[in-house]
Amino acid sequence: MAGSGLIKSLAEREQALARQLEEAKRAAAAKVQEAEAKASQILAEAEQAARDLEAQFRARTAEAVAKIEREAKAKAEAEAKAIGEAATAKVAEAVQAVLKEVLP
């Protein structure tokens, strides 16, 4: 009879170990699922941060381009005005020289 008690004890121990193994599998699966959810969240946050940085970069670039364009336009207008004024003065001088030669 001692042999049957030992067999019963071993069978109970095997069942207990099988339950523990199943619990460990469920716990591991839950941890994996939790880790995947956390990884998805981190990925989504990183993607949003990248989009935000790209938007900031584009805005700063657009501002810099607009500033350069304004400065270039102002410089070109100033140069055109200076050239126009110089040309007007030269034309006036030329007119005066012609008038001096033509009129007594």
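About the thresholds
- Residues numbered from 1 in each chain as written.
- Predicted model: local features only at pLDDT ≥ 70, side-chain atom pairs only at ≥ 80, totals over all residues.
- Heavy atoms only, no water.
- Helix = DSSP H or I, 4+ residues; strand = E, 2+ residues; numbered from the N terminus.
- Rg over C-alpha atoms; globule rule 2.2 N^0.38 Å.
- Buried < 20%, exposed > 50% of the residue type's maximum accessible area, 1.4 Å probe, protein only.
- Salt bridge = Lys/Arg side-chain N within 4 Å of Asp/Glu carboxyl O.
- Patch = residues over 30% accessible without salt bridge, like charges linked within 9 Å, V, L, I, M, F, W, Y side chains within 5 Å.
- Areas by Shrake-Rupley, 256 points an atom, 1.4 Å probe, with all protein chains shown as cover.

Student: Looking at this structure, how should I read the overall build of the protein chain?
Tutor: Looking only at helices and strands, the protein chain features one helix and zero strands. Computed over C-alpha atoms, the radius of gyration of the protein chain comes to 44 Å, more than 25% over the 13 Å expected from 2.2 N^0.38 for 104 residues, which places it beyond the range of a compact globule. Each principal axis of the C-alpha distribution contributes one length, and for the protein chain these read about 155 × 10 × 10 Å. When burial is assessed residue by residue, the protein chain has 0% of its 104 residues classed as buried.

Student: Quick question: what am I supposed to make of the pattern of salt bridges here?
Tutor: Opposite charge on two side chains allows them to pair when their charged atoms are near. Summed over the entire model, instances satisfying the criterion amount to two salt bridges. Here Glu-22 makes a salt bridge to Lys-25, at a shortest N to O gap of 3.8 Å. Taken together, the positions of Glu-22 and Lys-25, both in helix 1 (residues 2–102) and three residues apart, correspond to about one turn of that helix. Judged by its relative accessible area of 39%, Glu-22 falls in the partly exposed class. Lys-25 gets classed as partly exposed once you look at its relative accessible area, which sits at 49%. Between Glu-54 and Arg-58 there is a salt bridge; the shortest N-O distance is 2.8 Å. Taken as a pair, Glu-54 and Arg-58 lie in helix 1 at a separation of four residues, close to a single helical turn. Accessibility expressed as a relative area gives 39% for Glu-54, which makes it partly exposed. Among the residues examined, Arg-58 registers a relative accessible area of 54% and is labelled exposed.

Student: Explain the environment of Ala-59 to me, please; I cannot follow it from the model alone.
Tutor: Within the fold, Ala-59 resides in helix 1. Spatially, the C-alpha atom of Ala-59 lies 15 Å from that of Ala-49, the residues being 10 residues apart in sequence.

Student: Can you help me understand a nonpolar patch on the surface in this one?
Tutor: Taken together, the side chains of Val-91, Val-95, Val-98, Leu-99, Val-102 and Leu-103 define a hydrophobic patch exposed on the protein surface, amounting to about 520 Å² of accessible area. Here Leu-103 shows up in the segment after helix 1.

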